[in-house]
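Remarks on the overall topology
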Amino acid sequence: MLYIGSGLMSASGTVAEPSLIDPRLRVDWRSPDWRGEKMGYWPSYATITPASRAAYLHWLATERRHPNVYIGYVFLFFYGLERRVLFELPHLPQALRFELPAIRAEVDQLLRLYGDNRSFAGYAGSFRDVLDTIGLLDSDVCAGPAPLTGRDSLTPRLQLGLSGFATARRPVPGDWALSWLKSSADFQPRAAITRCEPEFAQLFLAQYAEHCGPGMVIRPEGPAIRLDYRPASAGFRNWNGLVLHGRPEVFGHTSAERALIRLGEECAQALDAYGRYLGREPDSRGSIAATALLPAELLNAESGEAGTVISWARGRLGESVSTTVAAEELFKVLPASPSAPRKKDIVAVTQLLSTAGIGVEPDPRFGGPTMTSGPMVLFNETERCSAPSPAYHAATLLLHLGVAVSAADGQLADQERDVLVGHLERALYLSGAEQERLRAHLEWLLSHRPKLTGLTRRIAALDETRREDIAAFLATVATADGVIEPAEIATLKRIRKLLGLDPEEVHVSLHTAAAAPVVVRPADPAAGYTIPASPAERSRVDTRVRLDEAALAAKLAEAAEVAALLDAVFADDEPQSMASAAPQPPDVEPVAGLDAGH
């Protein structure tokens, strides 16, 4: 592995090859310069002193293994390896195949002996990466699993493999895309993600498959790969680097890498709460509280504590849309705890079941009481809703009063049920998920039998207009089935009295509600023909659907106001009342799309 002779120019062509051993030059064997005291920073065999040549040749003659040799002599030999690999072997494919493994083994041995020197360790370590890259050129680097990488750590196989996928126009598999993402210096993972690396990888692969199918296809439009290596030898000054022609550079591909980073950030955000929880409770992986914070894609409903609870709920629900169970029955399924379930335990269970597509009412996350006993409702949650809107909160509070009135006669007729829920759904513009939950909440209220005691002191929070609106709405509910029972009238009177209204005016409210038009028989279309409008008239007709933004904003603001006012009415009610008191949001400007309360 030596260059011996004369007249060999360096790779740059400007000076003699620094590693060339010229036998014509004098060697001072009597006083070798073992310490390299007369060596320069960029040594060259032609310019070092005869004493230095003696020490260098002696080191070479002892198989280059003396542990205490001056590091400049190691570099002088290393210059020759750089020349052979970077300047000559790319043009000698047959020689490269046989020489490259031997040179790689020599560099490894030199690093073991002289790797304590930071300068040599840096150059030799980078040179070894170059050897690995060149050694992969004749192999199918795309075959097999992707190489494991760390942040901002690009391996030669990953670089060449991505280039191979682009050249062949083959989809980049998920594991290769994940390694690409982790190697990108532009991807800044959240601190919490470092605590849940396996979950992040699993979620990324699932999301990548959903967005990209078999994988993204990259266009081979970038420049050829240029090995990022700065030679130690002064013979490479002004050298343009080693270019791997026919191998387009993919790493740093702007559009593809940006898409991967965006997907990675979405996965990191989805796991942020889970990662922070593991930071506080490092031994909680697999628990219900931790599993409840996982995205639905990572939920294992077949095993562990979470699987036990989900299997029980699915078994109780069966093929039904909803079912009523005892809260004690659910808590028997939970892992044994030294005391009664706490609110955070119940919240974790409801969140876990929601991730599995099973809703629970009452749900503390939606303003419901924390049930430790009594009935609760399980229902199929086809649409997930993470937090209650002001409109939904107002609907549940009105539903509380409505059920108390309509069930006063001991039963709730189907007509009353439809008016009770349908009116709230339409009037407050509830989403599909909120409509599902509201109907389940109604089932719970019917089994729970809410009472009206203890509300007099807090009814003063409502102004007279609101009290009249609530009384009129409850009268509409009572007359929905066409029959007004004495018990319903008595309950309406009690509510009007609670609202500070004249109880005897209940008959006026009932007559007003009953006077609404009733459909006796749907009208049949009249026979005949319609005269079509002229082209000019048709051109003036605007068939687009237009929403009254002002009316919508007013309705939503009204719902929020009703929820806030009724919160004060139902606050501090009996332990299993409809809702607990909610603090008023601070008077602040909204931040990042969050309302004042959040």
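Here the structure is a predicted model, which is why all the values come from computation and not from measurement.

Examining the overall build of the protein chain
The helix and strand tally for the protein chain stands at 21 helices and 5 strands. The buried share of the protein chain, reckoned over its 598 residues, is 45%. Across the protein chain, the fraction of contacts at a sequence separation of at least 24, relative to all contacts at a separation of at least 6, is 68%. Counting every atom, the protein chain has about 31,400 Å² of accessible surface; 54% of that belongs to carbon and sulfur.

Notes on the sheet that holds strand 3 (residues 322–326)
Sheet architecture is open: 3 strands sit in the order 3-5-4, paired in antiparallel fashion. Either end of the sheet is taken by a strand with one partner, and the two such strands are strand 3 and strand 4 (358–361). Strand-to-strand twist across the sheet, computed as the mean angle between neighbouring axes with direction ignored, equals 30°. As defined by bridge partners, strand 4 adjoins strand 5 (residues 375–380) across 4 bridges and the pair is classed as antiparallel. The residue of strand 5 that forms the bridge with Ile358 is Asn380. Contacting strand 3, strand 4 and strand 5, helix 16 (residues 432–448) runs over the sheet at an angle of about 155° to strand 5.

Focus on unusual backbone geometry
The residue after Glu361, namely Pro362, is reached through a cis peptide bond having omega 0°. Its place among the elements puts Pro362 in the loop between strand 4 and strand 5. For Arg64, which is not glycine, the phi torsion reads 60° and is therefore positive. Mapping Arg64 onto the fold places it in the loop between helix 1 (50–61) and helix 2 (71–88). Note on Arg64: relative accessible area 14%, which makes it buried. In the Ramachandran plot, Arg169 falls in the positive-phi region, its phi being about 55° despite a non-glycine side chain. Residue class for Arg169 comes out partly exposed when judged on its relative accessible area of 46%.

Details of the nonpolar core
Trp59, Phe78, Phe120 and Phe127 are the most contacted members of the largest nonpolar core, which has 83 residues in total. The element that contributes the greatest number of residues to this core is helix 2, accounting for 11 residues. Beyond its immediate stretch of four places on either side in the chain, Phe78 contacts Phe120, Tyr123, Ala124, Phe127, Tyr229 and Ala232. Formed by 44 residues, the second largest nonpolar core is a distinct cluster that contains Ala301, Val309, Ala395 and Leu438.

Points about the environment of Gly135
For Gly135, the location among the structural elements is in helix 4 (residues 118–135). Residue class for Gly135 comes out partly exposed when judged on its relative accessible area of 43%. When the C-alpha positions of Gly135 and Arg97 are compared, they lie 7.9 Å apart, and in sequence the two are 38 residues distant.

With respect to the pairing of strand 5
With 5 bridges joining them, strand 3 and strand 5 adopt antiparallel strand pairing. Bridge pairing links Ser322 to Phe379 in strand 5.

Let's talk about the side chain of Ser354
Tracing the chain through its elements places Ser354 in helix 13 (residues 343–355). Take Ser354: its relative accessible area is 1%, and that puts it in the buried class. Residues contacting Ser354, with those up to four places away along its chain left out, are Arg365, Glu381 and Arg384.

Thoughts on the pattern of salt bridges
This structure, assessed with the given rule, holds 20 salt bridges. With its nearest N and O atoms 2.8 Å apart, the salt bridge here joins Glu88 to Arg84. Highlighted residues: Glu88 and Arg84, both in helix 2, separated by 4 residues, approximately one helical turn. You can call Glu88 buried: its relative accessible area is 16%. For Arg84, a relative accessible area of 21% translates into the label partly exposed.

Things to note about helix 3 (residues 93–114)
With 22 residues, helix 3 should reach 32 Å at 1.5 Å per residue; the first-to-last C-alpha distance of 30 Å fits that figure. Its axis deflected by about 40° at Glu99, helix 3 carries its strongest bend there, up to four residues before the proline Pro101. For helix 3, the set of buried residues is Leu96, Leu100, Ile103, Glu106, Val107, Asp108, Leu110, Leu111 and Tyr114. Against helix 1, helix 2 and helix 4 lie the buried residues of helix 3.

Description of the packing of helix 7 (residues 197–212) against helix 8 (residues 254–270)
Look at helix 7 against helix 8: their axes get within 10 Å of each other, and the N-to-C directions meet at 130°. Taken as axis vectors, helix 7 and helix 8 run oblique relative to one another. Classified by chirality, the crossing of helix 8 by helix 7 is right-handed. Contacts from Phe200, Leu203, Phe204, Gln207, Tyr208 and His211 in helix 7 reach Leu260, Leu263, Gly264, Cys267, Ala268 and Ala270 in helix 8. Residues of the contact of helix 7 with helix 8, tallied by class, amount to 9 nonpolar, 3 polar and no charged.

A look at the packing of aromatic side chains
According to the stated counting rule, one finds 19 aromatic pairs in the structure shown. The interplanar angle of 85° and the centroid separation of 6.5 Å between the aromatic rings of Phe75 and Phe78 together place this pair among those described as edge-to-face. Of the two residues, Phe75 and Phe78 are both situated in helix 2; the distance of 3 residues between them amounts to about one turn of the helix. Both residues of the pair, Phe75 and Phe78, count as buried. One aromatic cluster in this structure is built from Tyr45, Tyr56, Trp59, Tyr70, Tyr73, Phe77 and Tyr114. Positioned above the aromatic ring of Tyr45, the side-chain terminus of Arg53 is 5.5 Å from the ring centre. The ring of Phe366 carries the charged tip of Arg437 above its face, separated from the ring centre by 4.1 Å.

Notes on the side chain of Gln159
Within the secondary structure, Gln159 is located in helix 5 (residues 156–167). Look at Gln159 and you get buried, because its relative accessible area is 12%. One polar contact links Gln159 to Glu249, side chain to side chain, over a distance of 2.7 Å.

Concerning helix 5
Its 12 residues give helix 5 an end-to-end C-alpha distance of 16 Å, which sits within 8% of 16 Å, the value for a rise of 1.5 Å per residue. For helix 5, a buried count of 10 out of 12 residues is recorded, marking the element as mostly surrounded by other parts of the structure. Taken together, the buried positions of helix 5 are occupied by Pro156, Leu158, Gln159, Leu160, Gly161, Leu162, Ser163, Gly164, Phe165 and Ala166. Where helix 5 is buried, its residues touch helix 4, helix 6 (174–183), strand 1 (224–226) and strand 2 (243–248). In the stretch just after helix 5, Arg169 is the one whose phi turns positive, near 55°.

Cut-offs and rules
- Residues numbered from 1 in each chain as written.
- Predicted model: local features only at pLDDT ≥ 70, side-chain atom pairs only at ≥ 80, totals over all residues.
- Heavy atoms only, no water.
- Helix = DSSP H or I, 4+ residues; strand = E, 2+ residues; numbered from the N terminus.
- Buried < 20%, exposed > 50% of the residue type's maximum accessible area, 1.4 Å probe, protein only.
- Contact = heavy atoms within 4.5 Å.
- Areas by Shrake-Rupley, 256 points an atom, 1.4 Å probe, with all protein chains shown as cover.
- Pairing = 2+ DSSP bridges.
- Axes fitted to C-alpha atoms, helices over the stretch in contact; angles between N-to-C directions.
- Core = buried A, V, L, I, M, F, W, Y, C linked by side-chain atoms within 4.5 Å.
- Salt bridge = Lys/Arg side-chain N within 4 Å of Asp/Glu carboxyl O.
- Expected span 1.5 Å × (residues − 1).
- Bend = angle between axes of the 7 residues up to and from the residue.
- Parallel < 35°, antiparallel > 145°, perpendicular 65-115°, else oblique.
- Left-handed = near helix turned anticlockwise from the far one by under 90°.
- Nonpolar A, V, L, I, M, F, W, Y, C, P; charged D, E, K, R; others polar.
- Phe/Tyr/Trp six-rings, centres within 6.5 Å; stacked < 30°, edge-to-face > 60°.
- Lys NZ or Arg CZ within 6 Å of the ring centre and 35° of its normal.
- Polar contact = N/O pair within 3.5 Å; in protein donor to acceptor, adjacent residues only side chain to side chain.

Shape is all these values report; function is a separate question.
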